[in-house]
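Below are the chains, spelled out letter by letter.
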Amino acid sequence: MGQTIYEKYGGFKTISRIVMTFYEMALESDEIGGYFEDIDMPRLIDHQTKFVSSLVGGPASFSDDRIEAVHRHLNISHDDFDEMATLFGEALSIHGMTEDDVQVALAAIEGKRPIIVARDAA
């Protein structure tokens, strides 16, 4: 079996740095920054690092039901999801991920769109 993206880039430590970079950009975003007001950011970064790790071959796992439940009340739109994906792709590139690996990671995240975006979102 080949090396996972998680293993290739150094595991949890690197994914944690990528997630921190992503949130620095997300907090500055006019489109999605508001989602993170009054949020326990260290806790969110920890959870998101585990989530992203699981998407790229790491050990953590989250059920789709759990992911949907924690996002349901946020009313995330497709535009918001697109902004998140764009910023996340930039964070992956900043940390040296190849374009092919960025696309694989973004495809894994895209696969979660139906459970993260609000069903009635535009």
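Residues numbered from 1 in each chain as written. Predicted model: local features only at pLDDT ≥ 70, side-chain atom pairs only at ≥ 80, totals over all residues. Heavy atoms only, no water.

*Asks:* Requested: an account of a negative patch on the surface, with residues and values cited.
*Replies:* Together, Glu 24, Glu 28, Asp 30, Glu 31 and Asp 79 line one region of the surface with negative charge. Following the sequence through the fold, Glu 31 ends up in the loop between helix 2 (12–28) and helix 3 (41–55). Residue class for Glu 31 comes out partly exposed when judged on its relative accessible area of 39%. (Patch = residues over 30% accessible without salt bridge, like charges linked within 9 Å, V, L, I, M, F, W, Y side chains within 5 Å. Areas by Shrake-Rupley, 256 points an atom, 1.4 Å probe, with all protein chains shown as cover. Salt bridge = Lys/Arg side-chain N within 4 Å of Asp/Glu carboxyl O. Lys, Arg positive; Asp, Glu negative; His and termini not counted. Charge placed at Lys NZ, Arg CZ, Asp CG, Glu CD. Helix = DSSP H or I, 4+ residues; strand = E, 2+ residues; numbered from the N terminus. Buried < 20%, exposed > 50% of the residue type's maximum accessible area, 1.4 Å probe, protein only.)

*Asks:* Could you give an account of the packing of aromatic side chains, with specific residues and numbers?
*Replies:* Given two aromatic rings, one states the distance between the centres and the angle between the planes to describe the pair. Within the structure shown, the criterion is met by 3 aromatic pairs. Considering the side-chain rings of Phe 22 and Tyr 23, the 4.8 Å spacing of their centres and the 65 degrees angle between planes classify their relative orientation as edge-to-face. As far as burial versus exposure is concerned, Phe 22 and Tyr 23 are alike and both buried. Arranged with centres 5.2 Å apart and planes meeting at 80 degrees, the rings of Tyr 23 and Phe 36 form a pair that is edge-to-face. With Tyr 23 in helix 2 and Phe 36 in the loop between helix 2 and helix 3, the pair connects residues that are 13 residues apart, well separated along the chain. With respect to class, Tyr 23 is no different from Phe 36; both count as buried. Put simply, the rings of Phe 22, Tyr 23, Phe 36 and Phe 88 pair up and form one aromatic cluster. (Phe/Tyr/Trp six-rings, centres within 6.5 Å; stacked < 30°, edge-to-face > 60°.)

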